[in-house]
Structure formats: structure tokens, C-alpha cells
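# Tertiary structure, described
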Amino acid sequence: SEGERIAGAEAGARLGAAWEELHLLHSLSGEMTVGASPRDFITRTLAELRETLGCRWTALRVSGPAEQLLDPALGGIVGDGIDAASARRILSGTPAPARALVVGSDLVLAPVRREEQQLGLLVACERTATAVGGDGAMSNWERTLVETAAGHLAVFLDNARLYRDLDAMFMGSLSALVSAIDAK
């Protein structure tokens, strides 16, 4: 019947969306290694998110303690599919929302936050209609994917910061030990 066909199509669409989310999670989780370059992880995450959503561009503005993990020349902005100056112009005045949200029909904003610590703002924009077979508008599904990616970025950035701090403490201890040995 027509109702069963529609129900089957809706179930297929939900399964497809679940597959895309699982694929994104698997891809991001596989890249989260100790000592990995924050910029490389961010770049791969932005590219994977852009490809999964079919967006023209994605970008991340890092802030707070996460800013120290990137080259200062980047100004805390990393983008995929957008030049740094344009990304900076768009992101510099955009406040991070409390939760991920769709703005208009073609922009998703998601805070990158670990516990109560704000680490940045993740943005996906300009979804192409041809990539989705529709009008290109962002939906709650895209919002969920961007929010998921923001969560993975938050965990990675926090772990990278902790790893950097641990490395600095180790080097400080080693330096103190060498100084103590030299003093004898």
C-alpha cells in the first residue's frame, strides 16, 4: 500500500542518516591519537564534516586554552572550503550559542565546549542542493552531526592541552633532575 511505501521510505531515510552519523563518528574517533597535531585533526574533522553534509565550507574558531594549541599566525581560525580572511570575518563577531542551532536555512553553529570551558565555535554552511537531493536547507539532522563533531573536537582539544601540559611538566622535571645532578 501507499502508506507502507511511505513508511519504508522514511525508515530508509532514518537508516541512511544513522549510517552517516556512525561513519562520521568512526572517522573522527580513528583520528584521535595521543600526540596528534591539533591542526591536522581539526583540518581532517572539517573536511570529513564538509563531505558528510555536502557543505561548501566548514570552519572552526578556537578560543580559550585551545588557542595555544594552534600556530598564532592562524589567529584561532581553521577552515575548509573557505579562505582564512573570510572565515575570520564571519566568525570573529559570532557568539557561540549555548547549544548547536540552525540559523536561517544554510548555517549550523555549534559550541565546542568541554564541561563548562568554551573551546571554540564550529560552523558548517551553504549545503548544496545537489548533495542532498533537495533544496539544500540545513535540518536537525545536520545540526546533530555538527554538534557531534563539535563534541569530538572538544575532547580532542582538551586531551591535546592536557598532553601538552604533561609534556611540559615532564621536561621541567627532567631539567630539574639534570640541574640537581650537575650541582653534585
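A short tour of the structure in this document, coming up. All values reported here derive from a predicted model rather than from experimental measurement. (Residues numbered from 1 in each chain as written. Predicted model: local features only at pLDDT ≥ 70, side-chain atom pairs only at ≥ 80, totals over all residues. Heavy atoms only, no water.)

It is worth spelling out helix α3 (residues 84–91) at this point. Turning to α3, its buried residues number three or more, namely S86, A87 and L91. Down the axis, α3 shows its buried residues gathered within 120° of arc, on one side only. The inward-facing, buried residues of α3 abut β1 (55–62), β2 (77–80) and β5 (117–127). For α3, the capping residue at the N-terminal end is D83, with a side-chain oxygen 3.3 Å from the backbone nitrogen of A85. (Buried < 20%, exposed > 50% of the residue type's maximum accessible area, 1.4 Å probe, protein only. Helix = DSSP H or I, 4+ residues; strand = E, 2+ residues; numbered from the N terminus. Arc of directions from axis to C-beta. Contact = heavy atoms within 4.5 Å. Polar contact = N/O pair within 3.5 Å; in protein donor to acceptor, adjacent residues only side chain to side chain.)

A contiguous nonpolar surface patch, about 340 Å² in accessible area, is contributed by Y163, L166 and M169. Assignment of secondary structure puts L166 in helix α5 (residues 140–183). (Patch = residues over 30% accessible without salt bridge, like charges linked within 9 Å, V, L, I, M, F, W, Y side chains within 5 Å. Areas by Shrake-Rupley, 256 points an atom, 1.4 Å probe, with all protein chains shown as cover. Salt bridge = Lys/Arg side-chain N within 4 Å of Asp/Glu carboxyl O.)

Turning next to the pattern of salt bridges. Per the stated rule, a full pass over the model turns up seven salt bridges. Between R143 and E147 there is a salt bridge whose closest N-O contact spans 3.3 Å. Of this pair, R143 and E147 are both found in helix α5, four residues apart, which corresponds to roughly one turn of the helix. D158 serves as the salt-bridge partner of R161, at 2.7 Å between the closest nitrogen and oxygen. Of this pair, R161 and D158 both sit in helix α5, three residues apart, which is roughly one turn of that helix. On the basis of relative accessibility, which here comes to 13%, the residue D158 falls in the buried class. In the salt-bridge network here, residues are joined through shared partners; they are R99, R143 and E147.

Attention now goes to the nonpolar core. Grouped together as the largest cluster of nonpolar side chains are 31 residues, with contacts concentrated most on I42, L60, V112, L122, V146 and L157. Of all the elements in the fold, those that place two or more residues in this core are α2 (38–53), β1, β4 (107–114), β5 and α5. Tallying contributions element by element places α5 first for this core, with nine residues. (Core = buried A, V, L, I, M, F, W, Y, C linked by side-chain atoms within 4.5 Å.)

What follows is about unusual backbone geometry. Located in the positive-phi region is E115, a residue other than glycine, with phi close to 55°. As for its placement among the helices and strands, E115 is situated in the loop between β4 and β5. In this structure, E126 is a non-glycine residue whose phi angle is positive, near 60°. Here E126 is to be found in strand β5.

Before going further, it helps to examine the side chain of T94. By the secondary structure assignment, T94 is in the loop between α3 and β3 (101–103). What T94 contacts, discounting residues up to four positions off in sequence, is R61, L109 and L121.

To continue, consider the packing of aromatic side chains. Tallying each qualifying case throughout the model produces one aromatic pair. Seen from their ring centres, F41 and F156 are 4.1 Å apart, and the 20° between their planes marks the pair as stacked. Of the two residues, F41 is situated in helix α2 and F156 in helix α5; the sequence distance between them amounts to 115 residues. The exposure class assigned to F41 is buried, which follows from its relative accessible area of 0%. (Phe/Tyr/Trp six-rings, centres within 6.5 Å; stacked < 30°, edge-to-face > 60°.)

Quick look at the pairing of β1 now. Where a strand is regular, its side chains alternate between the two sheet faces. Here β1 lies mainly inside the structure; seven of its eight residues are buried. Taken together, the seven bridges between β1 and β5 define a ladder with antiparallel strand orientation. What sits directly across from T58, in β5, is A124. Relative to β2, β1 is paired through four bridges, and the arrangement is antiparallel. From the neighbouring strand, L60 faces β2, where its bridge partner is V78. (Pairing = 2+ DSSP bridges.)

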